[in-house]
Amino acid sequence: MNVFITKVGKFLPNAPVESDDMEKYLGMIDGRPSKARRLVLRRNGIKQRYYALDEQGNATHTNVEMAAASIRQLFDEHFTADDIDLLSCGTASPEQLIPSHAVMVHGLLGGNRNTEVVSFAGSCCTGMDALKYACMAVQTDPSLNAVVSASERLSVWMQANYFQQESEKLSLLEDQPMLAFEKEFLRWMLSDGAFAVRVQGKPAESGVSLRVDWIDITSFANTKETCMYAGAEKDGNGELKGWASFPEQEWLTQSLFALKQDTRMLAENIVPLGIDYLLQLAEKYNLKPEDIDWFCPHLSSMFFKDKILEESKERGFFIPEDRWFVNLPTIGNIASASAFAMIDGLLETGKLQKGQKILLMIPESARFSYCYCLLTVC
């Protein structure tokens, strides 16, 4: 595939928020500090994150504004909004049902020309969905200038008014840490921000470019129930009932718009299924662990690092930790933007060398989708 990432842009709103200050922004449930916050943070390893909120919980930026801001970082005297041939955007937190997130971004970018716009909604894989579409388009027509963004404003779902006090199971968290991956875990994990990449049919004339060798995405929804959800409730049979099926007065009393996870399913499936798919791709592409110079796994929590190391070693595709790059502790989990955030962070290290291989891994627990992407440094 002769398709290249030639530039990365980013926008992280406001100053980083330290762990002790989170409730200043998100608020307190029933006016009381969370007893579970420290336990959850110790498990997930996140030290700071970004919120598009001020200390009174007021929004400072929209998702669309952050996406547009990250895209503007790609502009220079040779490339402006009028040079975008394709705009492809992904998010897990669109701010309206209609119009699509991507056309709202296009509208804010302005410019003097109309262009192709495509929008992807879902969970953590949506940024890579958007990138794959752009890569296929550029592969079809190498003259295209494509822009891809992935952005989130998840803090709005994390504010106290979306939660009920029953979300805390403090007495069980120490002995059964997987129970932390419910409402209370997600509340102390998710972060806001936006990243964008420029995709072209040739490398940049200067600086580092990344050739996209392949992007493979799969879903296990045909065999697995829903695991993470919002705007819905899960019944005893594992079926999901959407917000539109509930009376309006229950939307808040049932915490319908809080993010939730089925922690039992998460523990049983998220790592094993990811390794299953990796082994399939290793055979498909004749890929070996020693071929990988940098492994960039999107982790919702550092809790999963040892699980992945252990499982991959047992199953014969072990990439040592000294070849990992993860920036979750310093920027938090930005869902669909996390893969692009790792690309940006890796580029900023200055350690990339021509010919090195980068393997991205993006698991999505919503109903167990996975994306792997292989890049080559040019």
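For the structure given in this document, a descriptive report is provided here. (Residues numbered from 1 in each chain as written. Predicted model: local features only at pLDDT ≥ 70, side-chain atom pairs only at ≥ 80, totals over all residues. Heavy atoms only, no water.)

Let's shift gears to the sheet that holds strand β13 (residues 294-297). The strand order β5-β4-β6-β7-β1-β8-β15-β14-β13 describes an open sheet built from nine strands, whose pairing is mixed. At either end of the open sheet lies a strand with only one pairing partner, and these are β5 (116-121) and β13. Averaged over all neighbouring strand pairs, the angle between strand axes comes to 20 degrees, with direction disregarded. Pairing of strand β1 (residues 4-11) with strand β7 (residues 193-200) involves seven bridges; the strand directions are antiparallel. Within the sheet, the bridge partner assigned to phenylalanine 11 lies in β7 and is alanine 194. Contacting β1, β4 (86-91), β6 (146-152) and β7, helix α3 (residues 63-72) crosses the sheet at an angle of about 140 degrees to β6. Of the strands in this sheet, β8 (210-219), β14 (357-364) and β15 (369-377) touch helix α10 (residues 263-285), which is tilted by about 45 degrees from β15. (Pairing = 2+ DSSP bridges. Helix = DSSP H or I, 4+ residues; strand = E, 2+ residues; numbered from the N terminus. Axes fitted to C-alpha atoms, helices over the stretch in contact; angles between N-to-C directions. Contact = heavy atoms within 4.5 Å.)

The next thing to look at is the pattern of salt bridges. Inspection of the entire model under this criterion finds 19 salt bridges. The residue glutamate 348 makes a salt bridge to lysine 10 at a minimum N-O spacing of 3.0 Å. With glutamate 348 in helix α13 (residues 338-349) and lysine 10 in strand β1, this residue pair connects regions lying 338 residues apart in the sequence. When its relative accessible area of 54% is taken as the criterion, glutamate 348 is described as exposed. Ionic pairing is found between arginine 211 and aspartate 213, a salt bridge with its closest N-O pair at 2.7 Å. Through salt bridges with shared partners, a single network forms among Glu225, Lys234, Asp262, Arg264 and Glu268. (Salt bridge = Lys/Arg side-chain N within 4 Å of Asp/Glu carboxyl O. Buried < 20%, exposed > 50% of the residue type's maximum accessible area, 1.4 Å probe, protein only.)

As a further point, take the pairing of β5. Two elements, β4 and β5, share six bridges in a ladder whose sense is parallel. Directly across from serine 88, in β5, lies its bridge partner valine 118. With respect to chirality, the unit in which β4 leads through helix α4 (residues 101-109) into the neighbouring parallel β5 is right-handed. (Right-handed = clockwise from strand over helix to strand, strands pointing away.)

Let us now look at the nonpolar core. By size, the foremost hydrophobic cluster in this structure holds 96 residues, and its most contacted members are Met128, Leu131, Phe340 and Ile358. A per-element tally of this core places α10 first, with 10 residues. Leaving out residues up to four positions away in the same chain, phenylalanine 340 has contacts with Gly127, Met128, Leu131, Val148, Ser149, Ala150, Phe195 and Val197. Val64, Ala67, Leu87 and Ala102 belong to the second-largest nonpolar core, a separate cluster that totals 14 residues. (Core = buried A, V, L, I, M, F, W, Y, C linked by side-chain atoms within 4.5 Å.)

Let's shift gears to α4. For α4, the set of buried residues is His101, Ala102, Val105 and Leu109. Take α4 and look down its axis: the buried residues cluster within an arc of 95 degrees, on one side only. Count one or two residues on from α4 and you reach glycine 110, which has phi positive near 70 degrees. (Arc of directions from axis to C-beta.)

A separate point is the packing of aromatic side chains. A complete count under the given rule lists nine aromatic pairs for this structure. Here the guanidinium or amino end of lysine 241 rests over the ring plane of phenylalanine 246, the centre of that ring lying 4.5 Å away. The side chain of lysine 313 reaches across the aromatic face of phenylalanine 318, ending 5.3 Å from its centre. (Phe/Tyr/Trp six-rings, centres within 6.5 Å; stacked < 30°, edge-to-face > 60°. Lys NZ or Arg CZ within 6 Å of the ring centre and 35° of its normal.)

This part covers the side chain of glutamine 200. Within the fold, glutamine 200 resides in strand β7. One polar contact links glutamine 200 to threonine 6, side chain to side chain, over a distance of 2.7 Å. Looking at glutamine 200, its side chain comes within polar contact range of the side chain of asparagine 145, at 3.1 Å. Sequence-distant contacts of glutamine 200, defined by excluding residues within four places in its chain, comprise Asn2, Val3, Phe4, Thr6, Val138, Leu144 and Asn145. (Polar contact = N/O pair within 3.5 Å; in protein donor to acceptor, adjacent residues only side chain to side chain.)

With respect to the element layout, isoleucine 215 can be found in strand β8. Residues isoleucine 215 and leucine 287, 72 residues apart in the sequence, show an inter-C-alpha distance of 13 Å. Not counting residues up to four positions away in its chain, the partners in contact with isoleucine 215 are Met128, Leu131, Lys132, Cys135, Cys371, Tyr372 and Cys373.

Glancing now at the packing of α10 against helix α11 (residues 303-314). One way to put it is that α10 packs onto α11 with a least axis distance of 10 Å and a crossing angle of 50 degrees. Classed by the angle they form, the pair α10 and α11 counts as oblique. For α10 against α11, the interelement crossing comes out right-handed. The residues of α11 that touch α10, namely those facing Leu266, Ile270, Val271, Pro272 and Ile275, are Phe304, Lys307, Ile308, Glu311 and Ser312. The residue makeup of the contact of α10 with α11, split by class, is seven nonpolar, one polar and two charged. (Parallel < 35°, antiparallel > 145°, perpendicular 65-115°, else oblique. Left-handed = near helix turned anticlockwise from the far one by under 90°. Nonpolar A, V, L, I, M, F, W, Y, C, P; charged D, E, K, R; others polar.)

With seven of seven residues buried, β6 lies mostly within the body of the structure. Covered by surrounding structure in β6 are Ala146, Val148, Ala150 and Glu152 together with Val147, Ser149 and Ser151, the residues of both alternating faces. Pairing analysis gives five bridges linking β4 to β6, with the strands arranged parallel. If you follow serine 88 over to β6, its bridge partner there is valine 148. By the bridge criterion, seven bridges tie β6 to β7 in an arrangement that is antiparallel.

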